[in-house]
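Tertiary structure, described
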Amino acid sequence: MAKSLDDLPPRAALVEIAHDFHARGWMAGTAGNLSAREDGHFWITASGKPKGRLEEKDFLLVRITDGKVIERAQAGNEPSAETAIHCAIYALFPEARACLHGHSVSACLAAERAKPKAESLRLPPLEMIKGFDIWERHPKVNLPLFDNALDVGKIAQAVRQRFGKTPPEVTAMMVRGHGATVWGSGVQQAYDRFEILDFLLRYCARAR
Ligand SMILES: [Zn+2]
């Protein structure tokens, strides 16, 4: 096994993450999508592929500027509607090299703890928050919350509008009743931070 996910070719690293997230209940069935940047493009999981059985041919190469499909690892691969959110993240944050989106029970339960109109969820000030490179004694860190929409383009638009004005305090966001998205300076960092965010959200969901 590679020491770091960054030592693997991007698609191989994402396949490993898909199997891991599926086993942990964060990518049930075909849910969620994973991507890694390559210059002005990113490889992203194709729509409708079971994540527990994902393979390196189940990807598409998409252009960041307009979401155009540049290459299909296999004929017939179609982009997920959620590709628009990955486009937004890569366009907004040049340092983002990987972006992971999963659907977890703890993320949905934690988001319900926030007021219905709240634009963010306060993360618990636990030691684990250091994983987001926050080194304060009593950190008050907010996770951006977005409303879910059937038209994912609307979520992507809201992400561009809000983050274009105010970048988030953590490299993560949550869509209510849907799931979390985490990005990082590499595939390994994005993976670690997704795991840490899940820990924090599980704590939120269970805390009285
Ligand atoms: Zn989703």
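Presented here is a report on the structure given in the accompanying data block.

**Brief notes about unusual backbone geometry**
Although it is not a glycine, Asp39 sits at a positive phi angle of roughly 55°. With respect to the helices and strands, Asp39 occurs in the loop between strand E1 (33–38) and strand E2 (41–45). At Asp133, a residue that is not glycine, the phi angle is positive and equals roughly 65°. On the secondary structure map, Asp133 appears in the loop between strand E6 (120–123) and strand E7 (141–146).

**Regarding the pattern of salt bridges**
Under the counting rule described, the total for this entry stands at nine salt bridges. One salt bridge connects Lys57 with Glu55, and the closest N-O pair in it is separated by 3.6 Å. Across the salt bridge formed by Arg202 and Asp198, the nearest N and O atoms sit 2.9 Å from each other. Here the residue Arg202 and the residue Asp198 both occupy positions in helix H5 (residues 187–206), the gap between them amounting to four residues, near one helical turn. Each of the salt bridges in this network shares a partner with another, and the network as a whole consists of Asp20, Arg24 and Glu195.

Rules of the game
Positions within a chain are numbered from 1, following the residues in the order the chain's sequence is written. For this predicted model, a pLDDT threshold of at least 70 governs which residues receive local features, and a threshold of 80 or more governs which side-chain atom pairs are given and counted, while totals over whole chains, interfaces and linings are taken from all residues. Side-chain metrics in this entry use all non-hydrogen atoms of the structure; hydrogen atoms and water are not considered. Per the convention used, a helix needs a DSSP run of H or I reaching at least four residues, while a strand needs a run of E reaching at least two, with both numbered from the N terminus. What counts as a salt bridge is simple: a side-chain nitrogen of Lys or Arg found within 4 Å of a carboxyl oxygen of Asp or Glu.

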